[in-house]
Structure formats: structure tokens, C-alpha cells
Amino acid sequence: MLCSKKRVVTPDELLSLAQAARGKINTIYLHWTAGNYGHCYDDYHLCVDKDGTIEAPAVMGDLAEVKAHTWLRNTGAVGIAIEAARGAKISRDGLISFGKQAVPTPEQIKSMARAVAIICRGADIPISADTVMTHAEVADMDGYGIYDNDPDMRWDLLRLPFANGISGGDVIRSLAFRC
């Protein structure tokens, strides 16, 4: 659900939240909202706006709070979403069209990667494909990815419009390593 009120989360605050959640969280799932820029949703712990600003619901628990972001995988997991991808479409053969509405921006991806790096450092979580995953990667593992014919298919961050076909998860993890 769209947050009725949201607030900006600073890197220092995010580090404090991650340190407080150490031992309670072990995974980060990366999403897009499939909505517009500027729309923070309370299904996620953090949302990233068009310019890279990290936002959260105004009333936010800690990072170990169970949110409804990833089917059957929310306990011990942090959900981060970029506020983007309204109207994005994918064909059966994996061709993506982002259209012109709320296309994921490089600033969003860089900021998401910074958030991943801060959370992983603060909560002592390694940055790996086992601990930091896109919703597309998880959906493929759990049987509701693009080739599974599931009506509730998910493909968040499968690929990015500026990444020349490289997996969105690989791009974000690589950037997070460098932060």
C-alpha cells in the first residue's frame, strides 16, 4: 500500500538500523514498485526515488520487521524497492519494454547498491547471490518467474535499461561491492 507519509533515511541512520538488526536479518530482496517516481510503498523497508533519495514509511519499525515484499521469504529479510517501472512489460521470450513512464534510473540503482552495502556492513551480511537477490532471481527459484506461466509472475530488476543485458542482480551486487 502507498505510504500515507514517508521520510528520508540518511546513510548514518541506515547504518544504525542495520547494526540494530544484526543477527535478526540475513537476506536482502531487491524490487521495483511497478509504480511512479515519488511513490513509497509500506510493503518495503526502504524505497528509492528517481534522484536516489532513500525513503521509508514515516512510521518505521526496525529492519527485522516482517514486511510483505517477497512471497514466503519475508522473515529475516529486508525489502528495498526502487520507485519505478510503471507500465513496464516483458514478452514470453524475455524482451523488456520500459516505455516512458518511471523508467529505472542510474541514480536509483547506485543508491540501492549503496543501501545494500550499508546494510550488509552494519548487519554483517556478505554481499553474495545467496544473500542479496532481486525479486526476479527469487521468483525463478520459487517457480513464479518469467518462464513458469504463473499468473503472479515477478521479474523485478531482471535487467536494467542501461546495463547492456547484464542481470540487474549482478549489476547491483557489483556496485555494492565497490561502495
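Residues numbered from 1 in each chain as written. Predicted model: local features only at pLDDT ≥ 70, side-chain atom pairs only at ≥ 80, totals over all residues. Heavy atoms only, no water.

Some remarks on the layout of surface pockets
There is about 330 Å³ of room inside the largest pocket. Lining the largest pocket are 21 residues; nearest its centre among them are His135, Asp152, Met153, Arg154 and Asp156. Counted by class, the lining of the largest pocket contains 10 nonpolar, 6 polar and 5 charged residues. (1 Å grid on protein atoms, 1.4 Å probe; cavity = no way out; pocket = protein on both sides within 12 Å on 5 of 7 lines; lining within 4 Å. Points joined across faces, edges and corners; volume = space filled by probe spheres on them. Nonpolar A, V, L, I, M, F, W, Y, C, P; charged D, E, K, R; others polar.)

A short note on the confidence of the model for the protein chain
Residues of the protein chain with pLDDT of at least 70 account for 100%, and the chain-wide mean is 94. Confidence scores differ between elements of the protein chain, with strand β7 (residues 96-97) showing the lowest mean pLDDT of 90 and helix α2 (residues 106-123) the highest of 98. (pLDDT = per-residue confidence, 0-100. Helix = DSSP H or I, 4+ residues; strand = E, 2+ residues; numbered from the N terminus.)

Comments concerning helix α1 (residues 11-20)
Given 3.6 residues per helical turn, the α-helix brings residues three or four places apart onto the same face. Taken together, the buried positions of α1 are Leu14, Leu17 and Ala18. An end-on view of α1 places all buried positions within 100 degrees of arc, on one side of the element. Those residues of α1 that are buried are in contact with β3 (46-48), β4 (54-57) and α2. (Buried < 20%, exposed > 50% of the residue type's maximum accessible area, 1.4 Å probe, protein only. Arc of directions from axis to C-beta. Contact = heavy atoms within 4.5 Å.)

Here's the deal with the packing of aromatic side chains
Per the counting criterion, the structure on display carries 3 aromatic pairs. An angle of 85 degrees between the planes, with centres 5.8 Å apart, marks the rings of tryptophan 32 and phenylalanine 98 as edge-to-face. Separated by 66 residues along the polypeptide, tryptophan 32 in strand β2 (residues 27-32) and phenylalanine 98 in the loop between β7 and α2 bring together distant segments of the chain. Judged by relative accessible area, which is 6%, tryptophan 32 ranks as buried. Measuring from ring centre to ring centre gives 5.6 Å for tryptophan 71 and tyrosine 144, while their planes differ by 85 degrees; the resulting arrangement is edge-to-face. Remark: tyrosine 144 occurs in the loop between α3 (135-142) and α4 (168-178) and tryptophan 71 occurs in the loop between β4 and β5 (77-82); sequence separation between them is 73 residues. (Phe/Tyr/Trp six-rings, centres within 6.5 Å; stacked < 30°, edge-to-face > 60°.)

Describing α2
Taking 1.5 Å per residue, 18 residues should reach 26 Å; α2 reaches 26 Å between its end C-alpha atoms and fits that length. The buried fraction of α2 amounts to 13 of the 18 residues, a majority that puts the element mostly inside the structure. Directly beyond the C-terminal end of α2, a positive phi value near 60 degrees is found at aspartate 124. (Expected span 1.5 Å × (residues − 1).)

Things to note about the packing of α2 against α4
α4 packs onto α2 with a crossing angle of 60 degrees between their chain directions and a minimal axis gap of 8 Å. On the basis of the axis angle, α2 is oblique to α4. Crossing handedness for the pair α2 and α4: right-handed. Contacts between α2 and α4 pair Ile109, Lys110, Met112, Ala113, Val116 and Ala117 from the former with Val171, Ile172, Leu175 and Ala176 from the latter. Across the contact of α2 with α4, the residue classes tally to 9 nonpolar, no polar and 1 charged. (Axes fitted to C-alpha atoms, helices over the stretch in contact; angles between N-to-C directions. Parallel < 35°, antiparallel > 145°, perpendicular 65-115°, else oblique. Left-handed = near helix turned anticlockwise from the far one by under 90°.)

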